[in-house]
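Chains, contacts and geometry: an overview
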Amino acid sequence: MKVNAYAAPAAGEPLAPTTIERRAVGPNDVLIEIEFAGICHSDIHTVNGDWGPQPFPVVPGHEIVGRVTEVGADVSRHSVGDRVGVGCMVNSCGECTNCRNGDEQYCSQGMVGTYAATDRDGTTTQGGYSTHVVVDADYVLTVPDGIDPAAAAPLLCAGITTYAPLRKWQAGPGKKVAVVGLGGLGHMAVKIAHALGAEVTVLSQSLKKQEDGLRLGADHYFATSDPGTFETLAGRFDLIVNTVSAKIDLDAYLGLLAVDGTLVNVGAPAEPLDVNVFSLIGGRRSFAGSMIGGIALTQEMLDFCAEHHIGAEVEVIPAEKVNEAYERVLASDVRYRFVIDASTLA
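Bear in mind that the values here come from a model prediction, so they are computed numbers and not experimental data. Positions within a chain are numbered from 1, following the residues in the order the chain's sequence is written. Local features in this predicted model are restricted to residues of pLDDT 70 or higher, and side-chain atom pairs are both shown and tallied only at a pLDDT of 80 or more, whereas totals for entire chains, interfaces and linings draw on every residue. Side-chain descriptors were evaluated using all non-hydrogen atoms of the structure, hydrogens and water having been removed beforehand.

Brief notes about the layout of surface pockets
Short version of the rule: Definitions used for this entry: grid spacing 1 Å over protein atoms alone; cavity, a set of points where a 1.4 Å probe fits but cannot get out; pocket, an open set with protein on both sides within 12 Å along at least 5 of 7 lines; lining residue, one with an atom within 4 Å of a point. Grid points are joined across faces, edges and corners, and a volume is the space filled by probe spheres set on the points. Only DSSP runs of H or I covering at least 4 residues are called helices, and only runs of E covering at least 2 are called strands; the numbering of each starts at the N terminus. Each residue is assigned to one of three groups, with Ala, Val, Leu, Ile, Met, Phe, Trp, Tyr, Cys and Pro labelled nonpolar, Asp, Glu, Lys and Arg labelled charged, and all others, Gly among them, labelled polar.
One number sums up the size of the second largest pocket: a volume of about 290 Å³. As for the second largest pocket, its lining consists of 17 residues, and the residues nearest its centre are Arg22, Arg23, Thr124, Thr125 and Gln126. Elements supplying a minimum of two residues to the lining of the second largest pocket: β2 (16-21) and β8 (132-136). Per element, the largest residue contribution to the lining of the second largest pocket is four residues, and it comes from β8. Broken down by class, the residue content of the lining of the second largest pocket amounts to five nonpolar, six polar and six charged.

Remarks on empty space enclosed by the protein
Taken as a whole and assessed by the stated rule, the structure comprises one cavity of 30 Å³ or more. If you add up the space inside the largest cavity, you get close to 70 Å³. In this structure, the largest cavity is lined by Gly87, Cys88, Met89, Tyr139, Leu141, Leu156, Ile160, Ile292, Gly293, Ile295 and Thr298. Considered class by class, the residues forming the lining of the largest cavity number eight nonpolar, three polar and no charged.

Re the environment of serine 108
The following threshold applies: A contact between two residues is defined here by any heavy atoms of the two lying within 4.5 Å.
With respect to the helices and strands, the residue serine 108 is situated in the loop between α2 (97-100) and β7 (112-113). Remark: the alpha-carbon pair of serine 108 and glutamate 95, spanning 13 residues in sequence, is separated by 9.2 Å. Residues within four places of serine 108 in sequence aside, it is in contact with Cys96 and Asn98.

Quick notes on the side chain of aspartate 136
Let me state the cut-off plainly: The cut-offs for exposure are 20% and 50% of the maximum accessible area for each residue type, with area from a 1.4 Å probe on protein chains only; residues under the lower value are buried, those over the upper are exposed, and the others partly exposed. We count Lys and Arg on the positive side and Asp and Glu on the negative side, and we leave His and both chain ends out. Take a side-chain nitrogen of Lys or Arg and a carboxyl oxygen of Asp or Glu: if they are within 4 Å of each other, that pair is a salt bridge. N or O atoms closer than or at 3.5 Å make up a polar contact, with two conditions inside protein: a donor-capable atom paired with an acceptor-capable one, and, for residues adjacent in sequence, both atoms drawn from side chains.
Along the chain, aspartate 136 falls in strand β8. Within the buried core, aspartate 136 has no salt-bridge partner, and the shortest N-O distance to an opposite charge, that of arginine 23, equals 5.9 Å. A distance of 3.0 Å separates the side chain of aspartate 136 from the side chain of asparagine 28, its partner in a polar contact. Those residues in contact with aspartate 136, other than ones at most four positions away along the chain, are Arg23, Asn28, Asp29 and Val90.

Things to note about the packing of aromatic side chains
Counted only if it meets this: Ring pairs are drawn from Phe, Tyr and Trp, using the six-membered ring of Trp, whenever the two centres fall within 6.5 Å, and their geometry is named by plane angle: stacked under 30 degrees, edge-to-face over 60, tilted for the rest.
Applying the stated criterion to the full structure yields two aromatic pairs. When the ring of tyrosine 163 is compared with that of phenylalanine 304, the centres are 5.6 Å apart and the planes differ by 50°; the resulting orientation is tilted. On the criterion of sequence distance, the pair formed by tyrosine 163 in helix α4 (residues 158-168) and phenylalanine 304 in helix α10 (residues 295-307) is long-range, its members being 141 residues apart. Relative accessible area serves as the criterion here: at 2%, tyrosine 163 is assigned to the buried category. Ring centres 5.2 Å apart and planes at 85° place the aromatic pair phenylalanine 230 and tyrosine 253 in the edge-to-face group. Note that phenylalanine 230 is positioned in helix α7 (residues 228-232) and tyrosine 253 in helix α8 (residues 250-254), a separation of 23 residues in sequence. Judged by relative accessible area, tyrosine 253 falls into the buried class, the value being 7%.

Keep in mind that these numbers describe shape and distance, not what the molecule does.
Dropping the structure here:
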């Protein structure tokens, strides 16, 4: 079926209206009429070519919420009318150790991204800046009642990207967690870490978002532009979640960890990061990375957010403003996530 969409025709070029072909609904497929699609910094990196050549034209979007309008003959988990979500992946081999362990995002054959990836049938995936999408039912999530659908869309990337390391490194009561950056990812990390019961500190370049940070659940807020911050907070944190997609002084931040503390990178800067091994050796500290989560963990995250009334802070825009939104994201002029109203594509 042909559907309306917004696509990037080539690297660095503005997105423009287009039509794309969606495959017919197969036995284990779900057809989703998209209601909202979040804008992620990854979308911008991809269409700008920051992460290498892409199979243009590219329809971005991996934060998708909508309604099921058709299901395949073998689908039992979802029904017509259900509100569902699709995150950053739409397929994996399903057979490797990682997939069997529920870590489909680390599929040894490579998980299939929601856009700009090669699916198992050889076609190129196209994302959520469109009116409809057809997805294998095993990669479709249930969006619980109680979460505003627009606020739920960014949970499919920003929510799981921050929930995964917070759960992995056991953020909770008695743990001191720092979040570097209060943006699209950072504001979700603060909300989730607070709901898990951790003591939460925001580390941001300035104090201009301090009021927001405390409102979202942070207990403390410090400006990293103040050199005194790194002296005051030395050795304090059990876990630091770095959400920024830019180069930072890793050694300075590692110095904020307690013995056995971990700094986890979830932001994905285009340039390499440097670390002095003595920053790790000196406190038996760890530097780690994390990306999204498997399907089961993503569903757990959605259920947790519904239980704790957590959604993203969003600004809903019509599709025609997507290029303006990209510019504003790069200028850090959004609090805290843009979401496209897919009805404006119809």
